[in-house]
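Analysis of the macromolecular model
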Amino acid sequence: MISIETVLVVWVFVMAICLGSFLNVVILRGFSGESIVLPPSKCPHCSHKLAPWDNIPVLSFLALGGKCRYCKEKISFQYPLVELFTALTVTGIYLKYGFTLNTLFLTAAAALCIVMAVCDIKERIIFDTHAYILGVLGLIYNFFNIAGTNHTKITFFLAGIKLTIWQSFIYALLGLVAGIIIMEALARIPQIFIGKRAFGEGDTYIAGALGAFFGISNLIVIILFSLIFQVLIILPMFLYKLFKQKNYRLFSALILFLLLFVLIALGNFYDVLGEGWLYWFAIALLASIGYYCCRGILTGIKDGNGLTYLPFGPALILGAFVVMFLAGIYLI
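Right, let's walk through the structure included here. (Residues numbered from 1 in each chain as written. Predicted model: local features only at pLDDT ≥ 70, side-chain atom pairs only at ≥ 80, totals over all residues. Heavy atoms only, no water.)

Further remarks concern the environment of valine 37. Inspection of the secondary structure puts valine 37 in the loop between α1 (4-32) and α2 (59-63). As for valine 37 and histidine 48, which are separated by 11 residues in sequence, their C-alpha atoms are 16 Å apart. (Helix = DSSP H or I, 4+ residues; strand = E, 2+ residues; numbered from the N terminus.)

What follows deals with the packing of aromatic side chains. Scanning the entire structure with this criterion turns up 13 aromatic pairs. Aromatic pair tyrosine 141 and phenylalanine 213: ring centres 4.4 Å apart, planes at 10°, arrangement stacked. A residue pair is termed long-range when its members are at least 10 positions apart, and tyrosine 141 in helix α5 (residues 128-143) and phenylalanine 213 in helix α7 (residues 202-244) qualify at 72 residues. Ring-pair connections join several aromatic residues into one group, and the members of that group are Phe105, Tyr141, Phe213 and Phe214. Taking the ring centre of tyrosine 97 as reference, the NZ or CZ of lysine 96 above it sits at 5.7 Å. The side chain of lysine 153 reaches across the aromatic face of tryptophan 166, ending 4.7 Å from its centre. (Phe/Tyr/Trp six-rings, centres within 6.5 Å; stacked < 30°, edge-to-face > 60°. Lys NZ or Arg CZ within 6 Å of the ring centre and 35° of its normal.)

Turning to the nonpolar core, a few remarks are in order. Ranked by size, the top nonpolar core spans 47 residues in total, and within it Leu134, Leu210, Phe213, Phe214 and Leu316 carry the most contacts. Listing elements by their share of this core, those giving two or more residues are α1, α3 (78-97), α4 (101-123), α5, α6 (167-194), α7 and α10 (313-327). Among the elements that take part in this core, α4 stands out by supplying 13 residues, more than any other. Those residues in contact with leucine 134, other than ones at most four positions away along the chain, are Ala109, Leu112, Cys113, Met116, Ala209, Leu210 and Phe213. Membership of the second largest hydrophobic core comes to 12 residues, among which are Phe238, Leu239, Leu242 and Ala253. (Core = buried A, V, L, I, M, F, W, Y, C linked by side-chain atoms within 4.5 Å. Buried < 20%, exposed > 50% of the residue type's maximum accessible area, 1.4 Å probe, protein only. Contact = heavy atoms within 4.5 Å.)

It is worth spelling out the packing of α3 against α4 at this point. The N-to-C vectors of α3 and α4 enclose an angle of 155°; their axes lie 10 Å apart at closest approach. The angle between α3 and α4 falls in the class roughly antiparallel. For the crossing formed where α3 meets α4, the hand is right-handed. Judged by residue contacts, Gln78, Val82, Phe85, Thr86, Thr89, Val90, Ile93, Tyr94 and Tyr97 of α3 engage Asn102, Thr103, Leu106, Thr107, Ala110, Ile114, Val118 and Lys122 from α4. Broken down by class, the residue content of the contact of α3 with α4 amounts to 10 nonpolar, six polar and one charged. (Axes fitted to C-alpha atoms, helices over the stretch in contact; angles between N-to-C directions. Parallel < 35°, antiparallel > 145°, perpendicular 65-115°, else oblique. Left-handed = near helix turned anticlockwise from the far one by under 90°. Nonpolar A, V, L, I, M, F, W, Y, C, P; charged D, E, K, R; others polar.)

With that settled, consider the pattern of salt bridges. Under the criterion given, the structure shown has one salt bridge. Put simply, arginine 188 and glutamate 184 hold a salt bridge, and the shortest N to O gap is 2.7 Å. A residue pair is termed a helical-turn pair when its members lie 3 or 4 positions apart in one helix, as arginine 188 and glutamate 184 do in helix α6 at four residues. Among the residues examined, arginine 188 registers a relative accessible area of 40% and is labelled partly exposed. (Salt bridge = Lys/Arg side-chain N within 4 Å of Asp/Glu carboxyl O.)

Another point: the pairing of strand β2 (residues 161-166). Taken together, the six bridges between strand β1 (residues 153-158) and β2 define a ladder with antiparallel strand orientation. Directly across from isoleucine 154, in β2, lies its bridge partner isoleucine 165. What sits between β1 and β2 in their antiparallel hairpin is a turn of two residues, with alanine 159 showing a positive phi close to 55°. (Pairing = 2+ DSSP bridges.)

Taking 1.5 Å per residue, 43 residues should reach 63 Å; α7 reaches only 30 Å between its end C-alpha atoms and comes up short. Of all the bends in α7, the greatest measures close to 120° and is centred on glycine 215. Downstream of α7 by one or two residues, lysine 246 has phi in the positive range, about 60°. (Expected span 1.5 Å × (residues − 1). Bend = angle between axes of the 7 residues up to and from the residue.)

Taken together, the side chains of Phe225, Ile228, Leu232, Ile233, Met237 and Leu318 make up a nonpolar region of the molecular surface, amounting to roughly 520 Å² of accessible area. Looking at the nonpolar patch, the element that brings in the most residues is α7, giving five residues. (Patch = residues over 30% accessible without salt bridge, like charges linked within 9 Å, V, L, I, M, F, W, Y side chains within 5 Å. Areas by Shrake-Rupley, 256 points an atom, 1.4 Å probe, with all protein chains shown as cover.)

Here it is as C-alpha cells:
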C-alpha cells in the first residue's frame, strides 16, 4: 500500500520537474528578449513550434536522442540538467521543511538562484531583475518571519508612533547592505593594483539579494562556502592553463605553495613543528611563495589572458544551497 506521503513526494517531484522546464524558458528568453508566455515553445535552431509530446521534461530529450524532431540539431544538455536539478532541489526543500509557506518561499528563491547561476555559467550575464526579485522576496520573507526560527521582536518609536517588527527583518536589511559592501570590496581590491575588477557587478547583486533573503549571519556562511567552492573549482583549471601556456615558474610556485601549506597544517595538527625557528621559517617561506603567486596572478588579470576569470555567482548560489539544506534557516 503506497502511503500518502510517498504520493505527495512524487507529486512534488513531478511539479518541480515541470518548474525546471519553465526555468529553461526563462533562461533562454532572457537572452533572446522574448516574452516567457508567448510565443509557445519552439526549437531554438529551426524555430519550429514544439508539440506537447516534444515538451515533456527529460523524457522527450531521451526519446528524441537529444535532437530536435524537425531539424535534427542537437538539444543542449542544459535542458534536462536544469529540469532534474530543479526537481531534486524542490523535492529536497519539501522533505526538509514540509508542506508550508516557508517551502513556497524557499522554492521561489531556489528557482531564481538556478536561473541566475545558469545565466552566469552560460553567458557570464546576470539579469538584474532576477536579483531584485529575490531581494524583495527576501525582505517580505523576513518581514513576516516566514521561516519562523527567530522569535525576537524589536519595538521602537518613529515620529511618536510605536512600531514592532521581527528581528529577522533587521538582519535581512543588514544582510542586503553587507552583501553589497563585501562583494564590492572583494571586486575592487584588485582594481587598486591592476585597474580591473576581480568580477562583475552582477555578483554584487546576487550577494545583496542572498543577504536580504537569508540574513546577515547566513550571508557570512554563504560567502565563506562560496570562496571554498570557487577555489576548488578554479584552482585545477588555473593550474592546467598555466601548464598549457608553459608558465612553468608560476605553475611550480603554486604547487609548492599548496604542498607547503598542507605540510604546515599537518605539522600543527600533529604538533610536530611547535613554535620554534623551523615553524617561523616555514611560515616566512610560505608567505614569500604566496606573494610571488599573488603577483603572478594579478599580472595575469592585468594582461587579460583569461587565466583567472570564472563566474563567482554560481559559487555564491552553491553556498546558499548549503545553508538551505545543511544548516537550515536557523542562524538569523
